[in-house]
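A closer look at the structure
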Amino acid sequence: MKCLAGWGSALLVVWATAAPATVPSPERIASAVASENSAADRTQPLRFELRVQIGDRPSVASGTLFTDPAGRARLELRGANGLVERHLLQGGEVFATRNGKPLQEHRVFLPPLYVLQAESGAALRRSLEELQIRVDTVGLSQCDEEDCLVVGDPALEIPRLPPPEVQGLELYEAVRALVAEQEAAEAAGFSLEEWQEMTAALEAESVAIRSIGDLAPEGGEPGGGEAPDPGALDSLPENDVPGAARAEPPGPMPQGEGGPLAGAPEAGEGELPAPGAEGSVVDGDKRVAGEAEQTAPPVSPGLWIDRKSFGIRGLDAVGGVRTRMGPEAVYDGVRFPGWVEIQEPGQETIRLHVLAISPVLGDPEVYGPAWLLEPLNPARSE
């Protein structure tokens, strides 16, 4: 038994060594990320002072951001010429105003930073599910010089390995069958050899009977087939009847009045102009030349996590917006990425540089919709 136990242990070691890259379970990953959030002291309502960079322009606005672990956030941007733009995140939706007037279309300035504030694995998984991220899909990918766990992207998923197969089951089942056969022979008054000969003869006779049953009935076609129905050809299309003349393919359709191209607009007609950025807080903001016309590959919603530290490195949203986090720094005891980069399809990259962070009280009124239409005063000090 000692020898067998030693062999089993050696087998497990070999299996583990030969296995491909493995990842922890989704539950363990979520708990580890939440523990990292707590260790960074950011699982509380926070206030940020920001400097906003767009494209190559180093500073286009300043901002004040409030974010809450419950999934609420608000951002006030102050740009040139006294322009003020406000963004409010509530219930998974973002609302925006510019100088007190609602905006139907706006840039993405409020990524879901509250995932960096989740204080438990269950809370993190709920937040990811609300963001349509597949919480039970885990894979690996390179991020910068490190490896990242990617939650939610099926293209990067690494299937979980089954437990090692238990050896010796086939031999065990064979011995059991032999013992049962010997017990049946003894109960019938035969030796094991006589019982096996009788069993083999019965099986051969059964096979012979089945073979006779497979023969065609008297008067039938060989192989059990049936004679074709003479009227079956009448139901075939004319072109499928053997020997029938096939119709010539139709010629090209005339492109006259009423054809498929009739009424088609000339090149350039009927096109909607691309939305401009006139009056934006970010003066001069524009789409990257040629980028809007290119069809970018679809982005699967996912959360990128450093494999060593379990710190969040990025998040991919449903609409194709990618959020990436910079190296962490400590602000008034709170550890947080030094910058947050927002990559929106067809737009110049936004980078929010963190200047200061301070804890605040979790007042729900701070995130009330009325704030969007308040007078354009400097950001309140709470």
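None of these values were measured; they are calculated from a predicted model.

**Remarks on the overall build of the protein**
Per the secondary structure count, the protein includes 5 helices and 15 strands. Evaluated residue by residue, the protein yields a buried proportion of 32% over its 382 residues. For the protein, contacts bridging at least 24 residues in sequence account for 54% of all contacts bridging at least 6.

**Focus: the state of the cysteines**
Evaluation of the coordinates by the stated rule reveals 1 disulfide. Here Cys143 connects covalently by a disulfide to Cys148, the sulfurs 1.9 Å from one another. Its torsion about the S-S bond being 85°, the disulfide of Cys143 and Cys148 is classed as right-handed. Neither Cys143 nor Cys148 differs from the other in exposure class; each is buried.

**A few points about the confidence of the model for the protein**
Summing up the model confidence of the protein, the mean pLDDT is 77 and the portion of residues at 70 or higher is 68%. In this model residues 252–278 is a low-confidence stretch, pLDDT under 50, and it forms 8 contacts with partners more than four residues away in sequence or in other chains. The model gives residues 283–293 a pLDDT under 50, and that stretch makes 22 contacts with residues more than four places away or in other chains.

**Here's the deal with unusual backbone geometry**
The phi torsion at Asp41 lies on the positive side, around 60°, for a residue other than glycine. Structurally, Asp41 is set in the loop between α2 (26–39) and β1 (46–54). Of note in the backbone geometry, Asp332 takes a positive phi value of approximately 55° without being a glycine. Note that Asp332 resides in the loop between β12 (328–331) and β13 (334–337). By relative accessible area, which is 61% here, Asp332 ends up exposed.

**Considering the packing of aromatic side chains**
Scanning all chains against the criterion turns up 1 aromatic pair. With centroids separated by 4.9 Å and ring planes inclined at 65°, the aromatic side chains of Phe48 and Phe336 adopt a geometry described as edge-to-face. On the criterion of sequence distance, the pair formed by Phe48 in strand β1 and Phe336 in strand β13 is long-range, its members being 288 residues apart. Considered together, Phe48 and Phe336 belong to a single accessibility category, that of buried residues. Just above the ring of Trp304 sits the side chain of Arg324; from NZ or CZ to the centre is 5.2 Å.

**Comments concerning a nonpolar patch on the surface**
A cluster of nonpolar side chains, namely Leu171, Val175 and Val179, defines an oily patch on the protein surface of about 280 Å² accessible area. For Val175, a relative accessible area of 46% corresponds to the partly exposed category.

**Some thoughts on the pairing of strand β5 (residues 93–98)**
Along any regular strand the residues' side chains alternate between the sheet's two faces. Bridging between strand β4 (residues 84–90) and β5 involves 6 bridges; their strand directions are antiparallel. Looking across to β5, one finds that Leu89 is bridged to Val94. Between β4 and β5, which pair antiparallel one after the other, the connecting turn spans 2 residues, and Gly91 there sits at a positive phi close to 60°. In terms of strand pairing, β5 meets strand β6 (residues 101–102) through 2 bridges, oriented antiparallel. The residue of β6 that forms the bridge with Thr97 is Pro102.

**Description of the nonpolar core**
One finds Val52 and Val115 to be the most contacted residues of the largest nonpolar core, which totals 47 residues. The leading source of residues in this core is β1, at 5 residues. Apart from the residues lying within four places of it in its own chain, the contact partners of Val115 are Asn37, Leu124, Ser127, Leu128, Leu131, Leu303, Ile312 and Leu315. Phe66, Leu88, Val366 and Tyr367 belong to the second-largest nonpolar core, a separate cluster that totals 7 residues.

**Here we look at the pattern of salt bridges**
As enumerated under the stated definition, the model contains 18 salt bridges in all. The salt bridge partner of Glu36 is Arg335, with a shortest N-O separation of 2.7 Å. With a gap of 299 residues between them, Glu36 in helix α2 and Arg335 in strand β13 connect regions that are remote in the sequence. Looking at Glu36, the relative accessible area reads 15%, which means it is buried. With a shortest N-O distance of 3.5 Å, Arg72 and Asp68 are connected by a salt bridge. Judged by its relative accessible area of 5%, Asp68 falls in the buried class.

**A few points about the pairing of strand β11 (residues 322–325)**
Pairing analysis gives 3 bridges linking strand β10 (residues 312–316) to β11, with the strands arranged antiparallel. Following the sheet pairing, Leu315 is matched in β11 by Thr323. Hairpin connection between β10 and β11: a loop of 5 residues separates the two successive antiparallel strands, and Gly320 in this loop has a positive phi of roughly 95°. By the bridge criterion, 4 bridges tie β11 to strand β14 (residues 339–343) in an arrangement that is antiparallel.

Criteria and thresholds
- Residues numbered from 1 in each chain as written.
- Predicted model: local features only at pLDDT ≥ 70, side-chain atom pairs only at ≥ 80, totals over all residues.
- Heavy atoms only, no water.
- Helix = DSSP H or I, 4+ residues; strand = E, 2+ residues; numbered from the N terminus.
- Buried < 20%, exposed > 50% of the residue type's maximum accessible area, 1.4 Å probe, protein only.
- Contact = heavy atoms within 4.5 Å.
- Disulfide = S-S within 2.5 Å.
- pLDDT = per-residue confidence, 0-100.
- Phe/Tyr/Trp six-rings, centres within 6.5 Å; stacked < 30°, edge-to-face > 60°.
- Lys NZ or Arg CZ within 6 Å of the ring centre and 35° of its normal.
- Patch = residues over 30% accessible without salt bridge, like charges linked within 9 Å, V, L, I, M, F, W, Y side chains within 5 Å.
- Areas by Shrake-Rupley, 256 points an atom, 1.4 Å probe, with all protein chains shown as cover.
- Salt bridge = Lys/Arg side-chain N within 4 Å of Asp/Glu carboxyl O.
- Pairing = 2+ DSSP bridges.
- Core = buried A, V, L, I, M, F, W, Y, C linked by side-chain atoms within 4.5 Å.

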